[in-house]
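In case you want the letters, here they are:
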Amino acid sequence: NNRIIDMPPGEWTHELLHTALAEDIPYVEPQKVSVEECLDELNALVGLEGVKTALTKLAHTINNEIESARLENRRPDIPLGHYLFLGNPGPGKTTVARLMGKILYSMGALPTPTVVEVGKSNLVGRYQGDTEAITSHVIDTAMGGILFIDEAYQLADGYGRVALETLVARLENDRGKFVCIAAGYTFEMQAFLEQNSGFESRFPGRNRITFEDYTPGELFDIFMIYARKGGYTLDPLAENAVRGKLTMLYNERSRTFGNGRDARNLFDEIKSNLAARLASLPGPLTPEERKTILMEDVL
């Protein structure tokens, strides 16, 4: 409309008024960053050495195919597949999925870095017959990018099976048009794969990436990321106490261990303890006192 309004009315024709041009469609090209920047961001994450190795290998494989195609004067056959992210909650599966989108986009393997993040509730309808249409619509929104399904094993029950059947068909029919990442607990995901033989074959072993639990040392590194971001420091006794608490969390962990979330929750708890202690102190407090964590705040 703005383009036509700027023209003299005498130049308005029926064809002009009913023809849309590319410039009329609002579109902002996603910011493209280099593969090196993406891999630097990946390697800056705490832990996850196996995950970093898998994604770095993927980037090198794609790059080798692109270079080979250029030398052979042909179109590259980029090996896009679908992936399983396996492991307990909290080790950064969603963060890595977003980075994977940026890597594939920056290399030209995908036309967009967009990651559509969904769970069972986003794929399953309330009434019989709804689920297939809802799941298909969600998949359509992920075309050209990544569909990330968290706790995908939940699709093994009820109407979720309809969503699963729809997904399995689209994974093959639209192969190469998008990437699906199904994430969840290792044990539950193995049982989930056995629910549908088609699903098993869509996610070959080489595309199954295990997210190991963070070690106590890595949990402390994550804790300190939150502390430094908030401007907090720990005195030596407080540091030892935090390390001890995180080691206890790790040693007593179950299959629902929260990994980085547990480190963040501990930091939030300690920060509240610090605020309560400061509220009981007399007189004005210095900025340093307000931001220094003591052992009693931890214990």
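Only a predicted model underlies this, so the values are computations on that prediction, with no experimental measurement involved.

Student: I keep staring at the packing of helix α7 (residues 130–141) against helix α8 (residues 160–173) and nothing clicks. Help me out?
Tutor: Packing of α7 against α8 leaves a shortest axis separation of 9 Å and a crossing angle of 40 degrees. When the axis of α7 is compared with that of α8, the two are oblique. Along this stretch, α7 crosses α8, giving a crossing that reads as right-handed. Across the interface between the two elements, T131, E132, T135, S136, I139 and D140 from α7 touch V162, A163, T166, L167 and R170 from α8. Broken down by class, the residue content of the contact of α7 with α8 amounts to four nonpolar, four polar and three charged.

Student: Please explain the nonpolar core as it appears in this structure.
Tutor: Most often, soluble globular proteins have nonpolar side chains that are buried together. Among the nonpolar cores identified, the biggest contains 56 residues, and F85, M100, L104, I181, F223 and V242 are the most heavily contacted of them. Here V242 is in contact with F220, F223, L234, L266, I270 and V298, once residues within four sequence places are set aside. Within the second largest apolar cluster, 29 residues are counted, among which are A142, F178, C180 and M189.

Student: Would you mind going over the pattern of salt bridges with me for this structure?
Tutor: Pairing between side chains becomes possible if they bear opposite charge and their charged atoms approach one another. Counted by the stated rule, this structure contains 13 salt bridges. When the shortest N-O distance is used, the salt bridge between R243 and E239 registers 3.4 Å. Of the two residues, R243 and E239 both sit in helix α12 (residues 236–251), four residues apart, roughly one turn of that helix. You can call R243 partly exposed: its relative accessible area is 36%. Where R277 meets D297, a salt bridge forms, and the shortest distance between an N and an O atom there is 2.7 Å. One end of the pair, R277, is in helix α13 (residues 260–279); the other, D297, is in helix α15 (residues 295–298), with 20 residues separating them in the sequence. You can call D297 buried: its relative accessible area is 1%.

Student: Quick question: what am I supposed to make of the packing of aromatic side chains here?
Tutor: Centre distance and the angle of the planes are the two values used to describe a pair of aromatic rings. Under the criterion given, the structure shown has five aromatic pairs. Ring centres of F85 and F211 lie 5.0 Å apart, and the angle between their planes is 50 degrees; on these two criteria the pair is classed as tilted. On the criterion of sequence distance, the pair formed by F85 in strand β1 (residues 83–86) and F211 in the loop between β5 (208–210) and α11 (216–229) is long-range, its members being 126 residues apart. Given a relative accessible area of 0%, F85 falls into the buried group. Judged by its relative accessible area of 2%, F211 is buried. Measuring from centroid to centroid gives 6.3 Å for Y226 and F267, while their planes differ by 20 degrees, and the two rings are stacked. Residue Y226 is located in helix α11, and its partner F267 is located in helix α13; the two are separated by 41 residues in the primary sequence. Grouping aromatic residues by their ring pairs yields a cluster made of F223, Y226, Y232 and F267. Against the face of F220 rests R243, its NZ or CZ located 3.8 Å from the ring centre. The ring of Y232 is capped by K291, whose NZ or CZ atom sits 4.2 Å from the centre of that ring.

Student: I'm lost on the side chain of R277 in this one. Help?
Tutor: Given a relative accessible area of 14%, R277 falls into the buried group. Other than its neighbours up to four places away in sequence, R277 contacts T292, L294, E296 and D297.

Student: Could you clarify how one ought to interpret the side chain of S136 in this entry?
Tutor: Tracing the backbone through its elements, the reader meets S136 in helix α7. Take S136: its relative accessible area is 19%, and that puts it in the buried class. With residues up to four places along the chain from it excluded, the contact list for S136 reads T166 and R170.

Student: When you look at the sheet that holds strand β2 (residues 115–118) in this model, what are you seeing that I'm missing?
Tutor: Each strand in a sheet pairs with its neighbour through backbone hydrogen bonds, running either in the same direction (parallel) or in the opposite one (antiparallel). Reading across from one edge, β2-β3-β4-β1-β5 is the order of the five strands in this open sheet, with parallel pairing throughout. Across the chains shown, the open sheet's two edge strands, defined by having one partner strand only, are β2 and β5. Across the sheet, the mean angle separating the axes of adjacent strands is 20 degrees when strand polarity is ignored. As defined by bridge partners, β2 adjoins strand β3 (residues 146–149) across four bridges and the pair is classed as parallel. Looking at the pairing, E117 lines up with F148 of β3.

Student: What am I meant to see in α12 here?
Tutor: For an α-helix the count is 3.6 residues per turn, leaving residues at separations of three or four pointing the same way. With 16 residues, α12 extends 23 Å between its outermost C-alpha atoms, agreeing within 8% with the 22 Å of an ideal straight helix rising 1.5 Å per residue. Within α12, burial applies to A238, A241, V242, L246 and Y250. For α12, the secondary structure elements touched by its buried residues are α11, β6 (233–234), α13, β7 (292–293) and α15.

Student: Just checking my understanding: could you explain the environment of C180 for this structure?
Tutor: Among the structural elements, C180 can be located in strand β4 (residues 179–184). On the accessibility criterion, C180 (0% relative accessible area) is buried. Residues C180 and V116, 64 residues apart in the sequence, show an inter-C-alpha distance of 9.6 Å. Other than its neighbours up to four places away in sequence, C180 contacts H82, Y83, L147, I149, L167, L171 and F203.

What counts, and where the lines are drawn
- Residues numbered from 1 in each chain as written.
- Predicted model: local features only at pLDDT ≥ 70, side-chain atom pairs only at ≥ 80, totals over all residues.
- Heavy atoms only, no water.
- Axes fitted to C-alpha atoms, helices over the stretch in contact; angles between N-to-C directions.
- Helix = DSSP H or I, 4+ residues; strand = E, 2+ residues; numbered from the N terminus.
- Parallel < 35°, antiparallel > 145°, perpendicular 65-115°, else oblique.
- Left-handed = near helix turned anticlockwise from the far one by under 90°.
- Contact = heavy atoms within 4.5 Å.
- Nonpolar A, V, L, I, M, F, W, Y, C, P; charged D, E, K, R; others polar.
- Core = buried A, V, L, I, M, F, W, Y, C linked by side-chain atoms within 4.5 Å.
- Buried < 20%, exposed > 50% of the residue type's maximum accessible area, 1.4 Å probe, protein only.
- Salt bridge = Lys/Arg side-chain N within 4 Å of Asp/Glu carboxyl O.
- Phe/Tyr/Trp six-rings, centres within 6.5 Å; stacked < 30°, edge-to-face > 60°.
- Lys NZ or Arg CZ within 6 Å of the ring centre and 35° of its normal.
- Pairing = 2+ DSSP bridges.
- Expected span 1.5 Å × (residues − 1).

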